[in-house]
Amino acid sequence: MIPVDDLGEPVPLPGPPRRVVSLVPSLTEAVLTDAVDPAVLVGATDYCTHPPELDVARVGGSKYPDVDRVLALAPDLVLANSEENRPEDVQRLRANGIAVWVTVAPATVLAALGSLRRLLATAWDVEPGWLVEAETLWRQREPVRATAVVPVWRRPWVVVGRDTFAGDVLLRLGVANAYADHPERYPRPPLAELRSCGADLVVLPDEPYRFTPEDGPESFPGMTPVHVSGRHLTWYGPSLVAARAALLSEIDRSLR
């Protein structure tokens, strides 16, 4: 039986992939674990920064990869994501006979880990130790003790809305997203609305926009800023093992 990806599309895999190109930073990190031979990864995007020692061919950005460069690497599997990568690039790769596994944008931490579990089990028949540990850690839920606005961009302001991985991460740590019921996943409210929404905290990640103590908090008077690693807040993979304690530490410090 031919396996299917998260979108239900067939991914013909005659055996464990030996040449992989990843177009998603978190998937790059998830594949390069002690459970999979690191030599299988032959290409990644310019934004694939983990593991830090990663030394493979670069194929451009996630939104606009150099598809010709990907094809030149002759991969037997390309990893993509429905939110980060363009359908036309996925279609072109498939038209050239390349198997592409597309993940969906997860709405919860456990859904993200489940997606990774299925990919790793299907492609390489492995269950990394970090995956088991992360699933155990993130089943825990802290009682809600604060509400937050979570910007991911400014000029214009873009915040985390409904059904997002980052929103579920924070909720499991006891912080409710002020825009969790918004009809959009990443709404663009005016700053005046953000300031008056009644949130206690403003959670400021360092990616995709690099918020800093000097760039971001000044726009939210009356809210306590919480500076966090964007990788801990939005990446799903091995980073989730350390993310829970690191994020909780920053939240606890802000609520003292």
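Source: prediction; values computed, not measured. (Residues numbered from 1 in each chain as written. Predicted model: local features only at pLDDT ≥ 70, side-chain atom pairs only at ≥ 80, totals over all residues. Heavy atoms only, no water.)

(A) Summary view of the packing of helix α4 (residues 109-124) against helix α5 (residues 129-138). Two elements in contact, α4 and α5, have axes separated by 10 Å at closest approach and are oriented at 160°. Between α4 and α5, the interaxial angle falls into the category roughly antiparallel. The interaxial crossing formed by α4 with α5 has left-handed handedness. Counting all contacts with α4, which are made through V109, L110, L113, L116, R117 and L120, the residues of α5 involved are W130, L131, V132, A134, E135 and W138. Of the residues in the contact of α4 with α5, the class split is ten nonpolar, no polar and two charged. (Axes fitted to C-alpha atoms, helices over the stretch in contact; angles between N-to-C directions. Helix = DSSP H or I, 4+ residues; strand = E, 2+ residues; numbered from the N terminus. Parallel < 35°, antiparallel > 145°, perpendicular 65-115°, else oblique. Left-handed = near helix turned anticlockwise from the far one by under 90°. Contact = heavy atoms within 4.5 Å. Nonpolar A, V, L, I, M, F, W, Y, C, P; charged D, E, K, R; others polar.)

(B) Inspection of the packing of aromatic side chains at higher detail. Inspection of every chain in the model, using the stated rule, returns five aromatic pairs. When the ring of Y209 is compared with that of F211, the centres are 4.6 Å apart and the planes differ by 50°; the resulting orientation is tilted. A relative accessible area of 4% places F211 in the buried class. Taken together, the aromatic side chains of W153, W157, Y209, F211 and F220 make up a single cluster linked through ring pairs. Taking the ring centre of W138 as reference, the NZ or CZ of R244 above it sits at 5.2 Å. (Phe/Tyr/Trp six-rings, centres within 6.5 Å; stacked < 30°, edge-to-face > 60°. Buried < 20%, exposed > 50% of the residue type's maximum accessible area, 1.4 Å probe, protein only. Lys NZ or Arg CZ within 6 Å of the ring centre and 35° of its normal.)

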